[in-house]
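# Descriptive analysis of the structure
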Amino acid sequence: MKEIQGQSFLQNHPCYNKDAAANWGRLHLPVAPNCNIRCNYCNRMYDCANENRPGVTQHIYTPQEAVSFVRKVFDARRDISVVGIAGPGDPMCDADKTLETFRLVKREIPHVMLCLSSNGLAVPDYIDAIHDLGITHVTITVNAIDPVVASHMYSMVCYDDTIYRGIEGARILLERQAESIRKLKERNFIVKINTVVVPEVNMDHVPAIAKQAEEWGVDLMNCIAMIPVHDTFFANHRSPTKDEIDNIRRFIRHYVPQMTHCNRCRADAIGRLREA
């Protein structure tokens, strides 16, 4: 098994290790409300308490509130192995809040693993800071490697304070995602990619993404069925079936290991994957 800094590749991380998910949980801190892209399947303004999907939270914490909450959670339970930030926007769009939260958490709970999830657009600008904070696991959402396909997945990309749309915006995003993953692997981060699968949009493109992920040296890939969400471009688009997702995973698993136990976590998820 691959070793990172003397620790097992998947050490007790419930998302990266299906076996660990039975005994270990995660804590997501919703400190990053803003986003630098607009995905055609995402609506961060819509929340239901019983809803499990990324981009959903009932509260936004300041870094200080977040670390206070972490103390309470760790006082109450001993099965949390990782603290992550996954939004509800993009963590690196609110980089100051995200990095400060991680700094405070690591000072408070030195032994905990730190995990970051991002679209990758701003990650290259913060590689040194992410590394120096002791973050070990990073997820980048990669929904395409072809700008034409990506242009149907995203309606806007904001880069260097400029709004880009269509092929131009897609090309910028994909270039930055590739740069993110290359730089992360150069620093020996454990990298997972999430791919939101949308029939008739990027589903047939997923094998090409997986092949590229192998070339990047990605450690794990998570194919996620798109959930039609109110007030989005894909609101009336069908979600892929379980069989379709299973078939995709079987077809591409020779490129990169597949995550099969994802619970499509909220930005404020707490506990073991089966709990929330």
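Rules and cut-offs
- Residues numbered from 1 in each chain as written.
- Predicted model: local features only at pLDDT ≥ 70, side-chain atom pairs only at ≥ 80, totals over all residues.
- Heavy atoms only, no water.
- UniProt positions renumbered as here; feature names shortened; annotations may be inferred.
- Helix = DSSP H or I, 4+ residues; strand = E, 2+ residues; numbered from the N terminus.
- Salt bridge = Lys/Arg side-chain N within 4 Å of Asp/Glu carboxyl O.
- Buried < 20%, exposed > 50% of the residue type's maximum accessible area, 1.4 Å probe, protein only.
- Core = buried A, V, L, I, M, F, W, Y, C linked by side-chain atoms within 4.5 Å.
- Axes fitted to C-alpha atoms, helices over the stretch in contact; angles between N-to-C directions.
- Left-handed = near helix turned anticlockwise from the far one by under 90°.
- Contact = heavy atoms within 4.5 Å.
- Nonpolar A, V, L, I, M, F, W, Y, C, P; charged D, E, K, R; others polar.
- Arc of directions from axis to C-beta.

The protein chain appears in an unreviewed UniProt entry as FeMo cofactor biosynthesis protein NifB from Veillonella denticariosi JCM 15641. Among the UniProt annotations of the protein chain, the heading Cofactor (unreviewed entry) holds the following wording: "[4Fe-4S] cluster". Note on the protein chain: under the UniProt heading Pathway (unreviewed entry), the record states "Cofactor biosynthesis; Fe-Mo cofactor biosynthesis."

A separate point is unusual backbone geometry. With an omega of 20°, the peptide bond between glycine 87 and proline 88 qualifies as cis. Tracing the backbone through its elements, the reader meets proline 88 in the loop between strand S5 (80-85) and helix H2 (95-108). Phi at aspartate 160 takes a positive value of approximately 55°, unusual for a residue other than glycine. With respect to the helices, strands and loops of the structure, aspartate 160 is situated in the loop between strand S8 (154-159) and strand S9 (162-164).

Across all of its chains, the model carries 12 salt bridges by this definition. Linking glutamate 108 and arginine 71 is a salt bridge whose minimum nitrogen-to-oxygen distance equals 2.9 Å. Placement of glutamate 108 in helix H2 and of arginine 71 in helix H1 (residues 63-76) is noted, with a sequence separation of 37 residues between them. Here glutamate 108 falls in the partly exposed class, since its relative accessible area comes to 33%. A residue is classified by how much of its surface remains accessible, and arginine 71, at 33% relative accessible area, is partly exposed.

Moving on to the nonpolar core. With 52 residues, the main nonpolar core has Leu29, Ile130, Ile135 and Met221 as its most contacted residues. In terms of nonpolar packing, the next biggest core, distinct from the first, is built from 19 residues, Val149, Met153, Val196 and Met226 among them.

Here we take up the packing of helix H6 (residues 206-216) against helix H7 (residues 242-252). In the contact formed by H6 and H7, the axes pass within 10 Å of each other and the chain directions differ by 40°. Crossing angle aside, the handedness with which H6 passes H7 is right-handed. When H6 is examined against H7, the residues Val206, Pro207 and Ala210 are found in contact with a partner set consisting of Ile248, Phe251 and Ile252. Residues of the contact of H6 with H7, tallied by class, amount to 6 nonpolar, no polar and no charged.

The next point concerns H6. Restricting attention to buried positions, one finds in H6 the residues Val206, Ile209, Ala210, Ala213 and Trp216. Seen end-on, H6 carries its buried residues on one side only, within an arc spanning 115°. Where H6 is buried, its residues meet helix H5 (166-186), strand S10 (190-197), strand S11 (220-225) and H7. A positive phi of about 85° marks glycine 217, the residue just after H6.

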